[in-house]
Amino acid sequence: CASVREWLVEKLDVDIALLDGTFFNPQAELGNVRNVAEIPHPPVAETLVKLGKKSEDEGKDRRFIFCHLNHTNPLCNPISTERKLVEESGWEVATEGDIFEL
């Protein structure tokens, strides 16, 4: 497939994709505990570049939702610049208590 989005939508035919949102970028602050580069989670910023913006063509794209957020991730803050970037791209950030119909 040419892209992650094409793979999820055309190859797998998903309605909803829950995407790893652990860290927003590779420079995430974890204190002196660990280096983010050593943790195998793709940064949200990198995933956004690969996904691009959601299509305005109704039905062409599916719901892509970032979940599993580290407590240091700015996406946890509903008014952060990073959260706004995700939402303006047409994608979502999961919140506690979300229910997904299968």
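Everything below is about the structure shown above.
Brief notes about helix α1 (residues 4–11)
Okay, step 1: Those residues of α1 that fall on the buried side of the exposure criterion are R5, L8 and V9. Along the long axis of α1, the arc covered by the buried residues comes to 85°, so they all point the same way. Along α1, the residues that are exposed and aim more than 90 degrees away from the buried face are E10 and K11.
Okay, step 2: Contacts from the buried residues of α1 go to β1 (16–20), α2 (44–51) and β2 (63–67).
Okay, step 3: Directly after α1, the chain includes D13, whose backbone phi takes a positive value near 55°.

Focus: the pattern of salt bridges
Okay, step 1: Applying the stated criterion to the full structure yields 6 salt bridges.
Okay, step 2: For E92, the salt bridge goes to R63, with nearest N and O atoms at 2.8 Å. On the criterion of sequence distance, the pair formed by E92 in strand β3 (residues 92–93) and R63 in strand β2 is long-range, its members being 29 residues apart.
Okay, step 3: Classification of E92 as partly exposed rests on a relative accessible area of 26%.

Focus on the sheet that holds β2
Okay, step 1: The 3 strands are arranged β1-β2-β3 in an open sheet whose pairing can be described as parallel. Of all the strands in the sheet, the pair left with one neighbour each is β1 and β3.
Okay, step 2: The pairing of β2 with β3 spans 2 bridges and is parallel. Directly across from F66, in β3, lies its bridge partner V93.
Okay, step 3: The sheet contacts of α2 involve β1 and β2, and relative to β2 the element is tilted by about 170°.

Here we look at the side chain of S80
Okay, step 1: If you trace the backbone, S80 turns up in the loop between β2 and α3 (81–88).
Okay, step 2: A polar side-chain atom of S80 sits 2.8 Å from the main-chain carbonyl oxygen of P74.
Okay, step 3: The residues contacting S80, other than those within four sequence positions of it, are P74 and L75.

Let's talk about the side chain of R62
Okay, step 1: The topology assignment puts R62 in the loop between α2 and β2.
Okay, step 2: Under the relative-accessibility criterion, R62 is labelled buried at 16%.
Okay, step 3: A polar contact of 3.1 Å, which involves the side chain of R62, links it to the side chain of D13.
Okay, step 4: At 2.9 Å, the side chain of R62 and the backbone oxygen of V14 are in polar contact.
Okay, step 5: Excluding anything up to four places from it in sequence, R62 contacts V9, D13, V14, D15, K54 and W91.

What counts and what doesn't
- Residues numbered from 1 in each chain as written.
- Predicted model: local features only at pLDDT ≥ 70, side-chain atom pairs only at ≥ 80, totals over all residues.
- Heavy atoms only, no water.
- Buried < 20%, exposed > 50% of the residue type's maximum accessible area, 1.4 Å probe, protein only.
- Helix = DSSP H or I, 4+ residues; strand = E, 2+ residues; numbered from the N terminus.
- Arc of directions from axis to C-beta.
- Contact = heavy atoms within 4.5 Å.
- Salt bridge = Lys/Arg side-chain N within 4 Å of Asp/Glu carboxyl O.
- Pairing = 2+ DSSP bridges.
- Axes fitted to C-alpha atoms, helices over the stretch in contact; angles between N-to-C directions.
- Polar contact = N/O pair within 3.5 Å; in protein donor to acceptor, adjacent residues only side chain to side chain.

Function-wise, these values are silent; they only describe arrangement.
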